Amino acid sequence: MEKFKIFIKNACKEMLTYLNVANDLEPQTDAETSIRAGVSFKGSQLLVLVFAIFIASLGLNTNSIPVIIGAMLISPLMGPIIGMGLGIGIQDFDLLRKGLKNITAAIVGSLLASAFYFLISPQYEGSSQLLARTSPSIYDVFVALFGGGAGIISIACKNKGQVMPGVAIATSLMPPLCTAGYGLATLQMHFFFGALYLFFTNMIFILFATWIGVKLMGYKKIVYQNEKRAKKVQYIVYSIVFATIGVSAYLTFLMIQKNIFYEKASQFVATEMVFPNTEVLSHKEYMEKGKRYIDVTLIGDALPKDSLQLAMMNKLDSVGLGGTILNIRQGFSSRENPMPNEQNMDQFYRLMQQEIAGRQTEIDSLKAILTIHNQFSDESIKVAPEIKVIFPGIKDIALSQMVAADVNAQVKDTVSMIFINAPAGLNRTDREKLIKYIEVRLNRKNIHLTVNPSEFPWPSDNTSKAISPKEKPKPSGELKK
């Protein structure tokens, strides 16, 4: 046991050597020089920022992911944020103030530039890339925190690699600002505040990660430090960080609740709203002002609205969706439903195609059955003259294909039958000869013969009745076989 503990201890020490970055760190003065140079937004840095704003706005406007990524790569917004983190870490409040001033100017400039672009842009509809940057969550906090940590380590170490471009893409600073500008231009405040909050979340946690990284790397504080002022700044930063985490956690909780509702609602429609001759054309799940809604459009045979609504509401309670407002629409009535959109029409078209194909298959099958039935029945007319020549004793013949069913076991079978009217009867040899003849003549097997069936409506009997109505015919049951 003791040897195992020693082994674990040595293994942990070996692992820690891989995580030790002390030997890779540049001198503090060199790292500080690099960070301080990126804080300023004068000259080329300002022009690059302006270009990045318009590139990101174009990418968001056209919903182009490659263009948006390009704007993230060339954006210089990371500089002032990392500079503020360094200023807090080494208690250089002049650097902190300079970074705050520059990032504020960058934010205002980005908002105004992107708002101006979207005011003159002919395309106003919010794309999926815009919508994706208006719902910040706790996951954005972690992305910014780890991204900021990677950024400060990359700047502080000798082997910088290609970390900073990846950090710029992951932390996503430029697109939220442009999305906020879009909200400002179109007066959609949910876009404006949601995207602006996402930007501040990313900025604060990049700053926080830089501050922690500076502390862990043991950067020395400046000589003219003011402990009281430093504690006040730290208190403000901690308050902002924890407030941001709290709001992000709450938004994440709401987002998870919403996703669970969407999944349950979609599953409910797929499993519970299944009807024989009615199908779900479309369904939409959404939340509005704290209430949950499911809109379902049905197509096919109309169902009783009140009883259907009551049955579905009871099922909603049983699957944990109690309190959800279920709106069921049937057909495309102009009073009850809006005009179906393109997606619904496409679904409607496909359903109709399937319905038509199914009905056509059924029609073809019934036609085939009817053809076989009629063909076999009509053959009696064709073979009647031949039968008269071969079997003179036969007056009438009827051919039929019928279904025989067992009333107890509900077993069904198709039977090919021949009925003949032979007043003098038909011996065994003639019966076998007749069956063989019909099988060869009509190319059929397993034909069953019945001679002189009782009370069968033979044409010859009907003709006799029509000619001599007073003549009493012989009962068919008296005919000898």
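For the structure itself, consult the block above.
Residues numbered from 1 in each chain as written. Predicted model: local features only at pLDDT ≥ 70, side-chain atom pairs only at ≥ 80, totals over all residues. Heavy atoms only, no water.

## Observations concerning helix α2 (residues 28–37)
- The set of residues buried in α2 consists of Q28, A31, E32 and I35. Looking down the long axis of α2, one finds its buried residues gathered within 100° of arc, a one-sided arrangement. Residues of α2 that are exposed and point over 90 degrees away from its buried face: T29, T33 and A37.
- Considering only its buried residues, α2 is in contact with α5 (78–89) and α8 (138–156). (Buried < 20%, exposed > 50% of the residue type's maximum accessible area, 1.4 Å probe, protein only. Helix = DSSP H or I, 4+ residues; strand = E, 2+ residues; numbered from the N terminus. Arc of directions from axis to C-beta. Contact = heavy atoms within 4.5 Å.)

## Focus on the sheet that holds strand β4 (residues 396–405)
- Spatially, β4-β5-β6 is the arrangement adopted by the three strands of the open sheet, whose pairing is mixed. Two strands bound the open sheet, and with one partner strand each, they are β4 and β6 (447–451). Here the average twist between neighbouring strands, direction ignored, is 30°.
- As defined by bridge partners, strand β5 (residues 412–421) adjoins β6 across five bridges and the pair is classed as parallel. By the bridge assignment for β6, I418 is matched with L449.
- On top of the sheet, helix α15 (residues 428–442) reaches β4, β5 and β6; it is set at about 135° to β6, its chief contact. (Pairing = 2+ DSSP bridges. Axes fitted to C-alpha atoms, helices over the stretch in contact; angles between N-to-C directions.)

## Describing the packing of helix α3 (residues 44–62) against helix α6 (residues 93–120)
- Where α3 meets α6, the closest approach of the two axes is 9 Å, and the angle between their N-to-C directions is 45°. Regarding the angle of α3 to α6, the classification is oblique. Along this stretch, α3 crosses α6, giving a crossing that reads as right-handed. Contact with α3, carried on its side by L49, I53, F54, S57, L58, L60 and N61, involves A106, G109, S110, A113, S114, Y117 and F118 of α6 and no other residues of that element.
- Here the contact of α3 with α6 is built from residues that sort into nine nonpolar, five polar and no charged. (Parallel < 35°, antiparallel > 145°, perpendicular 65-115°, else oblique. Left-handed = near helix turned anticlockwise from the far one by under 90°. Nonpolar A, V, L, I, M, F, W, Y, C, P; charged D, E, K, R; others polar.)

## Looking at the pattern of salt bridges
- Summed over all chains, the structure comprises six salt bridges.
- The closest approach of N and O atoms between D92 and R36, which form a salt bridge, is 2.7 Å. Of the two residues, D92 is situated in the loop between α5 and α6 and R36 in helix α2; the sequence distance between them amounts to 56 residues.
- Owing to a relative accessible area of 4%, D92 belongs among the buried residues under this scheme.
- For the salt bridge of E272 with K315, the shortest nitrogen-to-oxygen distance reads 3.4 Å. You can see E272 sitting in helix α12 (residues 227–272) and its partner K315 sitting in helix α13 (residues 305–318), a full 43 residues away along the chain.
- Of the residues examined, K315 reaches a relative accessible area of 31% and is grouped as partly exposed.
- Linked through salt bridges whose partners overlap, the residues forming this network are E32, R36 and D92. (Salt bridge = Lys/Arg side-chain N within 4 Å of Asp/Glu carboxyl O.)

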